[in-house]
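The chain contents come next:
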Amino acid sequence: MQGKGVIKFFAILLAVVCLYQLSFTWVAHKVREDAKVYSKGDPEKEKAYLDSISNQPVYPLLKHDYAYVLQREIALGLDLKGGMNVTMQIQLNELVRKIANNNPDATFNQALANADKLQANAQTNQKDYIALFVSEYEKLSPNGKLAAIFSTKDNQDHLKFNASNSEVKTYLEDLASTAVKQSFTVLNTRINQFGVTQPNIQLQQGSNRILVELPGVKEPERVRKLLSGSAKLEFYETFDNAEAYQYLINIDNLLAAKSKTAKADTGKSAKVDTTAKLAAGKADTAKGGSLLSKVQKNAAKNDTSAASLSKTKLAAQHPLFAVMSLNVGQGANGQQQLGQGPVVGYAPLQDTAKVNSYLHSADVLAVIPRNIKFLWEVKPIKNTKTFALYAIKLTGAENGPVLSGDVINDARADNDQKGSPEVVMIMNSEGAQKWRTVTAEASSGTNKKAIAIVLDDNVYSAPTVQNEISGGVSSISGNFTIDDTRDLANVLKAGRLPAPAHIVSESIVGPSLGQEAISAGITSSILGLVVVLIFMIAYYNRAGTVAVVAVIINIFFLMGVLTSLGAVLTVPGVAGIVLTLGIAVDANVLVYERVREELGLGKSLRVAVADGFKHALPSILDSQISTFLTGLILFVFGSGPIQGFATTLMIGIATSLFCSLLISRVIFEWMLDKGMDIKFSNPWSSHTFKNANFAFVKNRTKFYIFSGVFIAAGLVSIFTRGFTYGVDFEGGRNYIVSFTNKAVTTEQIHDAVDATLGRSTEVKTMGDKFSITTNYLFNDNSTAADAKVKAALVDALNKKPETKIANSDLGGSKVSATIADELKTSAIYTVLFAIFVISAYILIRFRKWQFSLGAMIATAHDALLVLSFFSLFNGFLPFSLDIDQAFIAAILTVIGYSINDTVVVFDRIREFLDHSNKNEKPEEVINRAINSTLSRTIITALTVVFVLLVLFIFGGDVIKGFSFALLIGVLFGTYSSICVATPVIVDFGKKDLK
């Protein structure tokens, strides 16, 4: 084998990288365990311990602090980790007042007050606020015209003075809907800055409430500060970098003068050599390099200049510039000079808080001019984690912005004459006049100024004004992507619709699966893996140990790469890992079966191994490439759980190929060089399926009938009985419940309520309480239904002593689905497109359309069989068959497995057809090909089934439906590869195949 040295080098390099990436998870886990030991079960003491070491080195080898380590551990989704639950109330009453220009009409204001009271009432808080307001207004003034209140100068283009009340209501509802969307935009931005992976945001139907769940977050005070308050959009003039530069020098001088260390070292206030500072500043503004990095380099050269201070001395003598770099660029003469524009410096994410503490300290604020403040850009510089710092100019007697966001009438993403993305911003008449004055001043002279667009004290854009803008219509262009312009347009419209979101409730929530289910799932997955590895050794003897080593290395590489990419592991991701395990084993099985065939021809062991890898390679590559294409399409066009599954699948395929083809081969070569006797079977398995001669093709009509009847019955059931949808698909009623038994578990609650309210109930821990969401009677919107569901829940819980409730008033609110309709539609179209692309690939690769048609029919067949099964047997099996997020993961796994299995069978059929006797019938050749690969098909299916069976039996009730969907999907996929896909080739290719 050539290139063994290169393979070993890359394997060692990848192992070191993965070990490094996974080490952060191990270190973080060790720190948390130390915190638990220290706190002795006291959560406050545990949190205080973790807070105290946040900036302390906890990684002995590399001196990384706990905050750094925490950011780089394996990220878990809300379903596996839990986090914080916050309910935000959108204040639509303030929006309505704003649209009416704070009209003093007594009837108008009384109607608003009445609507506020009604929505606060538990019996009516599910009703739309606008509908409540209009209803109350018409009660107070039956002949009153709302248009007289709302058809203002700013609204007259959309709402005529003679508009009917129903037209006004529609207009207000549209604006309210837009306001809620803007709130989503603002909340998403704030949450992204918080650094939370995969937050979950839901809208409570009709109540203008937003539920925010932040995985892994358990810091209530920080979350309150982050999410509360209205979106404040403002326009500011800016200082040029050259103007603000001296202020930063003065700030650094001030901070240095107050440094005790600096006084001890120099005996006097430290002063900065501005020439040295400039030379040691930022050399490349696109990279945001820090002064500290240059100091460290010069220190290594024993340079004693001002730019070569030790880290400790630098922090003492130049505190500000130790954590940020200046905006310095390369001049035409090769000399460094100050960069142009309002950006004054750069800092990596982890240092921005330190910079803020310096710039906002009382001492600094006392000496710098009152008309300057420093704000960060909302997003980091592209492909970095470095943020730009802007110098903002405060104007007027109140030292505020030149314009506020309420002058914006509209904003939209558009394209300029060259086709580049831009944002068109439209102001009202008052804003247009002020804007003309501001832009005239900013564009005058040769040094044109920038105007910063600021939302929540974050700079979203700071375009340079080229010309005076009259008429109130402005075009904002720059190095934008389409997504950038959409985001900026949403930000601008947020100022027009000031509907603040207030926190009305908050709590710490546990993972949606429950800790018991997660623990059971992990334990059963490990047990299933052990069963598979034992089976491989039992079936393939010593060669099986090589497969065991390859699979373990593959899982190690997979988890390391996932961690390094910052991927979030959720239930769909776990499904991707299960499929990856099957793919990894499948590649080894394909090789081993080929080696056994070569040994059966009388070849030596070394030659048989070499030929086995050689002849198995086409089948492995075809199956893996087709499955990878499926994952790529799901990743590009899917979202949410689909992307999580696709990410895991694609990475798993890459690591499986590397381990199965290269590392396994290197191990075999080493064993052969050592003269080891490598056996590929045990006595009991040496002749398994060797002379198989099942009449698969001959009996294809029976298979057609079975599949046809099953799918037809399933379709009838789907259109009559339908499915049971989980709360993440359909939404439901949510209740906060406390129990007399403080040791109650989520599994016990499920056992109590599932029989009465259905198995789609979702239970999460919330401190010492539980959040229970059920879609029982969800489509019944009557008040009686609310009472009936609550009574049924209370009765079901109180039947068992361990779940006896402590609070009789459960409250209750209706919540929307976490999986939106757009995601459902996207999932369907994405899967259909994936099937089409795979069919096209098979057509190109196999050169006959019958193979492409067979793969398409088999994949659709498997999906329909699973859907039919879930509809037909729903309610008859002692576990949930809900259509939920886990089901999406399961159906995607089924499709991936089906395609992989089908392509392997097709590859063997093609090989047999290419080498067949012209006198043989195609049916006979194809049947012989199926039987020849039957051993590989069955063994691969068994390895995956073993894992899923263990997961199904020992994984707990909560994930039984998920593991069962995977289980029947793999069985259907194996069945279709042999009994559906290949008969299609026979029946549609009788002439061509000859």
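Residues numbered from 1 in each chain as written. Predicted model: local features only at pLDDT ≥ 70, side-chain atom pairs only at ≥ 80, totals over all residues. Heavy atoms only, no water.

Enquirer: Explain the overall build of the protein chain to me, and be specific about the residues and the numbers.
Expert: Counting its secondary structure elements, the protein chain contains 34 helices and 25 strands. Out of the 994 residues in the protein chain, the part that is buried amounts to 53%. Considering only residue pairs separated by 6 or more positions, the protein chain has 74% of its internal contacts joining residues 24 or more positions apart. Here the protein chain displays about 44,400 Å² of accessible surface, and carbon together with sulfur accounts for 57% of that area. (Helix = DSSP H or I, 4+ residues; strand = E, 2+ residues; numbered from the N terminus. Buried < 20%, exposed > 50% of the residue type's maximum accessible area, 1.4 Å probe, protein only. Contact = heavy atoms within 4.5 Å. Areas by Shrake-Rupley, 256 points an atom, 1.4 Å probe, with all protein chains shown as cover.)

Enquirer: Now, about the state of the cysteines: what can you tell me, with residues and values included?
Expert: Scanning all chains against the criterion turns up zero disulfides. In this model cysteine 18 remains outside any disulfide bridge; the closest cysteine sulfur is found in cysteine 659, 9.4 Å from its own. When its relative accessible area of 1% is taken as the criterion, cysteine 18 is described as buried. (Disulfide = S-S within 2.5 Å.)

Enquirer: If you had to explain the sheet that holds strand β16 (residues 421–427) to someone new, which residues and values would you point to?
Expert: Read from one edge of the open sheet, three strands run β15-β16-β19, paired in antiparallel fashion. Because the sheet does not close on itself, it has two edges, and the strands there are β15 (408–415) and β19 (473–477). The mean inter-strand angle of the sheet, taken between neighbouring strand axes irrespective of direction, is 20 degrees. Two strands pair when backbone bridges link them, and β15 and β16 are joined in this way by seven bridges, in the antiparallel orientation. Bridge pairing in β16 places alanine 411 opposite methionine 425. Its contacts with the sheet place helix α18 (residues 429–443) against β16 and β19, and it is angled at close to 115 degrees to β16. (Pairing = 2+ DSSP bridges. Axes fitted to C-alpha atoms, helices over the stretch in contact; angles between N-to-C directions.)

Enquirer: Can you explain the pattern of salt bridges? Please cite residues and give values.
Expert: Applying the stated criterion across every chain, the model contains 25 salt bridges. Two residues, lysine 139 and glutamate 136, come together in a salt bridge whose shortest N-O distance is 3.4 Å. A residue pair is termed a helical-turn pair when its members lie 3 or 4 positions apart in one helix, as lysine 139 and glutamate 136 do in helix α7 (residues 129–140) at three residues. The shortest N-O distance in the salt bridge between arginine 908 and glutamate 597 comes to 3.2 Å. Pair noted here: arginine 908 is in helix α31 (residues 885–914) and glutamate 597 is in helix α22 (residues 571–600), with a separation of 311 residues, a long-range link. Among the ionic contacts, a cluster of salt bridges with common partners joins Arg594, Glu597, Arg908 and Glu911. (Salt bridge = Lys/Arg side-chain N within 4 Å of Asp/Glu carboxyl O.)

Enquirer: Go over unusual backbone geometry, please, and point to the residues and values.
Expert: At asparagine 101, a residue that is not glycine, the phi angle is positive and equals roughly 55 degrees. You can see asparagine 101 is positioned in the loop between α5 (92–99) and α6 (106–120). Classification of asparagine 101 as partly exposed rests on a relative accessible area of 45%. One non-glycine residue, asparagine 102, lies in the positive phi region at around 50 degrees. Counting through the fold element by element, asparagine 102 comes out in the loop between α5 and α6.

Enquirer: Quick one: what's the story with the packing of α5 against α7, residue by residue and with numbers?
Expert: Closest axis-to-axis distance for the α5/α7 pair is 10 Å, and the angle between their directions is 60 degrees. Relative to α7, the element α5 lies oblique. Relative to α7, the crossing made by α5 is right-handed. Between α5 and α7, the contacting residues are Leu92, Asn93 and Val96 on the first element and Tyr129, Ile130 and Phe133 on the second. Its residues assigned to classes, the contact of α5 with α7 comprises five nonpolar, one polar and no charged. (Parallel < 35°, antiparallel > 145°, perpendicular 65-115°, else oblique. Left-handed = near helix turned anticlockwise from the far one by under 90°. Nonpolar A, V, L, I, M, F, W, Y, C, P; charged D, E, K, R; others polar.)

Enquirer: Quick one: what's the story with the nonpolar core, residue by residue and with numbers?
Expert: Core analysis: the biggest nonpolar cluster contains 71 residues, and Ile842, Phe870, Phe906 and Ile909 have the highest contact counts within it. When near neighbours in sequence (up to four residues on either side) are disregarded, isoleucine 842 contacts Arg847, Phe851, Ser852, Ala855, Val903 and Phe906. In this structure, Ala11, Leu22, Leu569 and Ala584 belong to the second largest nonpolar core, which totals 50 residues. (Core = buried A, V, L, I, M, F, W, Y, C linked by side-chain atoms within 4.5 Å.)

Enquirer: So, the environment of phenylalanine 719: which residues are in play, and what are the values?
Expert: Mapping phenylalanine 719 onto the fold places it in helix α25 (residues 700–720). Sequence separation between phenylalanine 719 and serine 871 is 152 residues, and the spatial gap between their C-alpha atoms is 9.4 Å.

Enquirer: Can you lay out the packing of aromatic side chains for me, pointing to particular residues and giving the numbers?
Expert: Summed over the entire model, instances satisfying the criterion amount to 33 aromatic pairs. Considering the side-chain rings of phenylalanine 706 and tyrosine 975, the 5.8 Å spacing of their centres and the 85 degrees angle between planes classify their relative orientation as edge-to-face. Highlighted residues: phenylalanine 706 in helix α25 and tyrosine 975 in helix α34 (residues 960–988), separated in sequence by 269 residues. Given the relative accessible area of 42%, phenylalanine 706 is considered partly exposed. Residue tyrosine 975 is classed as buried on the basis of its relative accessible area, which comes to 17%. Cluster of aromatic residues (ring-pair linked, three or more members): Phe535, Tyr539, Tyr540, Tyr592, Phe613, Phe668, Phe680, Trp684 and Phe946. In this structure, lysine 393 packs its charged tip against the face of phenylalanine 239, placed 5.0 Å from the ring centre. (Phe/Tyr/Trp six-rings, centres within 6.5 Å; stacked < 30°, edge-to-face > 60°. Lys NZ or Arg CZ within 6 Å of the ring centre and 35° of its normal.)

Enquirer: Go over the side chain of glutamate 422, please, and point to the residues and values.
Expert: Of note, glutamate 422 is situated in strand β16. Within the buried core, glutamate 422 has no salt-bridge partner, and the shortest N-O distance to an opposite charge, that of arginine 412, equals 7.1 Å. Apart from residues no more than four positions distant in its own chain, glutamate 422 is found in contact with Arg412, Ala413, Asp414, Asn415, Asp416, Ser475, Ile476, Ser477 and Thr485. (Lys, Arg positive; Asp, Glu negative; His and termini not counted.)

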